[in-house]
Amino acid sequence: MSLNKAKEYLKKYHLEDRIIVFDESSATVKEAAERLHCQESEIAKTLAFFVQDKPIVILMAGDAKCKNGLFKQIFHEKAKMIPFESVEDMIGHPPGGVCPFGINENVPVYFDESLKEHQTIYPACGSFNSAVKLTIDELEQAVPNHTWINVSKEE
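Residues numbered from 1 in each chain as written. Predicted model: local features only at pLDDT ≥ 70, side-chain atom pairs only at ≥ 80, totals over all residues. Heavy atoms only, no water.

(A) Representation of the pattern of salt bridges within the structure. Taken as a whole and judged by the stated rule, the model has 6 salt bridges. Between E8 and K11 there is a salt bridge, with the nearest N and O atoms lying 3.2 Å from each other. Of the two residues, E8 and K11 are both situated in helix 1 (residues 2-11); the distance of 3 residues between them amounts to about one turn of the helix. Residue classification places K11 among the partly exposed residues on the basis of a relative accessible area of 38%. Put simply, K153 and E117 hold a salt bridge, and the shortest N to O gap is 2.0 Å. Here K153, found in the segment after strand 9 (146-149), pairs with E117, found in the loop between strand 5 (109-112) and strand 6 (120-123); they are 36 residues apart in sequence, far enough to count as distant. Taking the relative accessible area as the measure of exposure, K153 reaches 33% and is therefore partly exposed. (Salt bridge = Lys/Arg side-chain N within 4 Å of Asp/Glu carboxyl O. Helix = DSSP H or I, 4+ residues; strand = E, 2+ residues; numbered from the N terminus. Buried < 20%, exposed > 50% of the residue type's maximum accessible area, 1.4 Å probe, protein only.)

In structure tokens, the structure reads:
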């Protein structure tokens, strides 16, 4: 169901033909990179956090790590991930399929600067066994209300 929601969302941007569905899980960065035959850094992982008790999502390169100090500089509080069992209700997609396409209303979307290291990236697409191949420009167009931040690299 969540895959269909993401697919319907991507249709608005004529990107639904970029969706890839696997017979096996691609829920982790490692699994997705193996299925796609790409580097882990090309996977756009989507992390779900609470900020002021409201959900947000941050997309970042698969090999990047969220640095608590940088997160706190931007959001003025310590990073607090949404518990696994609450992700689908809070974001609109289950863990392993969280992406910025077809999520719940009023969930802010942030893109981490680590994504810019690649021309093409692969976010999940609503299910534990899907991905979508996008350029950074296509990602920006498909998620027009995004904000670029840096929570992964000390400058």
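We are not done yet, so read on.
(B) Up close: the packing of aromatic side chains. One pass over the structure, following the stated rule, counts 6 aromatic pairs. Seen in terms of ring centroids, F71 and F75 are 4.6 Å apart; in terms of plane orientation they differ by 45°. Their pairing is tilted. Of this pair, F71 and F75 are both found in helix 3 (residues 68-75), 4 residues apart, which corresponds to roughly one turn of the helix. Using a relative accessible area of 0% as the deciding quantity, one classes F71 as buried. Judged by centre distance (5.1 Å) and plane angle (85°), the ring pair of F75 and Y110 falls under edge-to-face. Placement of the pair is F75 in helix 3 and Y110 in strand 5, with a sequence separation of 35 residues. Of the two residues, F75 and Y110, both sit in the buried class. Feature note: the residues F49, F71, F75 and Y110 constitute an aromatic cluster, connected by ring pairs. (Phe/Tyr/Trp six-rings, centres within 6.5 Å; stacked < 30°, edge-to-face > 60°.)

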